Amino acid sequence: MLLIHCPYCQEERPELEFRNGGEAHIARSRDIAAESDEAFEAFFFIRTNPKGLVYERWRHIHGCGRFFNAVRDSVTDKFLRVYKAGEPKPADVMKNLPEHSAWENIPPADQNVETPARDRVSTDGEA
Amino acid sequence: MVEAITVKRRGALDHRLETINGVSLQPAKPARRVSLRAEPDGLAPLSKALGLDLPTKPKTSALADGRSALWLGPDEWLVIDESEDAEPLKDLAEVTVLHSAVDISHRNVAIIVSGSKAADVINAGCPQDLGLQAFPVGACSRTVLGKIEIVLLRTAPDTFRVECWRSFADYAFSYLSDAARGV
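Values in this document were obtained by computation on a predicted structure and should not be read as measured data.

About the criteria used
Residues numbered from 1 in each chain as written. Chains lettered and ligands numbered in written order. Predicted model: local features only at pLDDT ≥ 70, side-chain atom pairs only at ≥ 80, totals over all residues. Helix = DSSP H or I, 4+ residues; strand = E, 2+ residues; numbered from the N terminus. Buried ≥ 20, exposed ≤ 12 C-beta atoms within 10 Å, placed from the backbone. Contact = placed C-beta atoms within 7 Å. Rg over C-alpha atoms; globule rule 2.2 N^0.38 Å. Pairing = 2+ DSSP bridges. Axes fitted to C-alpha atoms, helices over the stretch in contact; angles between N-to-C directions. Domains from an automatic or database assignment. Nonpolar A, V, L, I, M, F, W, Y, C, P; charged D, E, K, R; others polar. Core = buried A, V, L, I, M, F, W, Y, C linked by C-beta atoms within 7 Å. pLDDT = per-residue confidence, 0-100. Expected span 1.5 Å × (residues − 1). Arc of directions from axis to C-beta.

A. Representation of the overall build of chain A. When you go through chain A residue by residue, the secondary structure sums to one helix and six strands. Starting at the N terminus and ending at the C terminus, chain A contains elements arranged as β-β-β-α-β-β-β. Sorting the 127 residues of chain A into buried and exposed places 11% on the buried side. Taking the intrachain contacts of chain A between residues at least 6 apart in sequence as the baseline, contacts between residues at least 24 apart amount to 52%.

B. Representation of the overall build of chain B within the structure. Per the secondary structure count, chain B includes four helices and eleven strands. Against the 2.2 N^0.38 benchmark of 16 Å for 183 residues, chain B shows a C-alpha radius of gyration of 17 Å, consistent with a compact globule. Once the C-alpha set of chain B is aligned to its principal axes, its extents read approximately 65 × 50 × 25 Å. Buried residues in chain B amount to 36% of all 183 residues. Counting contacts in chain B only where the partners sit at least 6 residues apart, residues at least 24 apart contribute 60% of the total.

C. Region of the structure containing the sheet that holds strand S4 (residues 61-64) of chain B. Residue and element names in this part refer to chain B. With antiparallel pairing, the five strands of this open sheet are ordered in space as S4-S5-S6-S3-S7. Each edge of the sheet is formed by a strand with only one pairing partner; in this case those strands are S4 and strand S7 (99-103). Strand-to-strand twist in this sheet, taken as the mean axis angle between neighbours without regard to direction, amounts to 20 degrees.

D. Summary view of the domain arrangement of chain B. All names here are of chain B. In terms of domain boundaries, chain B breaks down into domain 1 (18-29 + 107-182) and domain 2 (32-103). Here domain 1 and domain 2 have C-alpha centroids that lie 23 Å from each other. Each side of the interface is counted separately: domain 1 has nine residues, and domain 2 has nine residues. Tallying contributions element by element places strand S9 (residues 140-145) first for the side of domain 1 that touches domain 2, with three residues. A per-class count over the side of domain 1 that touches domain 2 returns four nonpolar, three polar and two charged.

E. Highlighting the sheet that holds strand S6 (residues 79-84) of chain A. Residue and element names in this part refer to chain A. Judged by pairing direction, the sheet is antiparallel, and its four strands sit side by side in the order S3-S4-S5-S6 without closing on themselves. Every other strand in the sheet has two partners, leaving strand S3 (19-23) and S6 as the edge strands with one partner each. Within this sheet the neighbouring strands show an average axis-to-axis angle of 30 degrees, counted without direction. Taken together, the seven bridges between strand S4 (residues 53-59) and strand S5 (residues 67-73) define a ladder with antiparallel strand orientation. Each residue of the ladder has a partner; that of Tyr-55, found in S5, is Val-71.

F. Layout of the nonpolar core. Residues and elements named next belong to chain B. Judged by nonpolar contacts, the single largest core of 54 residues is most densely connected at Trp-77, Val-113, Ile-122, Val-162, Ala-172 and Leu-176. Broken down by element, this core gets its largest block of residues, seven residues, from helix H4 (residues 169-182). Each of domain 1 (18-29 + 107-182) and domain 2 (32-103) gives at least three residues to this core. Contact partners of Leu-176, with chain neighbours within four places excluded, come to Leu-25, Ile-111, Val-113 and Val-121.

G. Focus on the interface of chain A and chain B. On the side of chain B, 13 residues touch chain A, which itself brings twelve residues to the contact. Among the residues making up the side of chain A that touches chain B, the classes are represented as six nonpolar, four polar and two charged.

H. Quick peek at the confidence of the model for chain A. Scored by pLDDT, chain A has a mean of 82; 73% of the residues are at 70 or more. Highest mean pLDDT in chain A belongs to strand S1 (residues 3-6) of chain A (95); lowest belongs to helix H1 (residues 37-44) of chain A (92).

I. Geometry of H4(B). Residues and elements named next belong to chain B. When the terminal C-alpha atoms of H4 are compared, their 20 Å separation across 14 residues agrees well with the 20 Å that a helix rising 1.5 Å per residue should span. Three or more residues of H4 are buried, namely Ala-169, Ala-172, Phe-173, Tyr-175, Leu-176, Ala-179 and Ala-180. The buried residues of H4 occupy an angular sector of 160 degrees when projected down its axis, which confines them to one face. Looking at H4, the residues exposed on the side facing more than 90 degrees away from the buried face are Arg-181 and Gly-182.

In structure tokens, the structure reads:
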């Protein structure tokens, strides 16, 4: 079981007490009626969903009940940082990481692996 | 002919009492409970009205005169009073500072779990560290027990108070007695 540090309870608690609250730092427009359809779609539906570091909201729902933010590695599930709701994105999380980790979105060409050749699709014999 | 009708309130766990493997499970007696929410600047007047210092440190509780206040969140406390004629809600009614106090006396019931293996029994469904170092006497926390949410309070080194919602009381009691059979 994961132990998640709650910044309000100031200690690590079992993951069963928490609930994920989706991507963090998505600000709702102050005048939502004036938003264009495209801007509203981006706000409401479009998420970054990266492979690697994700900034997420979490809620200690079966504990203190508070929402807080966390930086998590979506590949290893490791929580790198937790901080209270309303605090800015921590800038130094990226700095302390090794340059090329398995979790990073490295283009295949830079990964020292050969891109698998696609099988040729034969159209012979098809009507 | 007129028959006298008497009405009696029945507790959710009346007559359920078990001692298994040295762990005793018994329903706590009826208590007044208040869910209290307030901002930090309201703490002093509210503490004065309640007659105890509302705890501000996570996972701690305060006890005075049979009345206890449990820290549940940065702005949330559970006040439990077991004395006969206690009226915590009335005591709070005079406070003018902004707060919310809701009587939840009948929403919750409590089970007293005691015995040398009490922590093991609760740990069967609760993932928190219940060692005396991490969860000392007086420590309290909202947490989970199996499939339900509970509020856990350690009243003595080998005694816990498990507060759960009334409709979940049967589940909680059965869960704990099953767990006691296994320790």
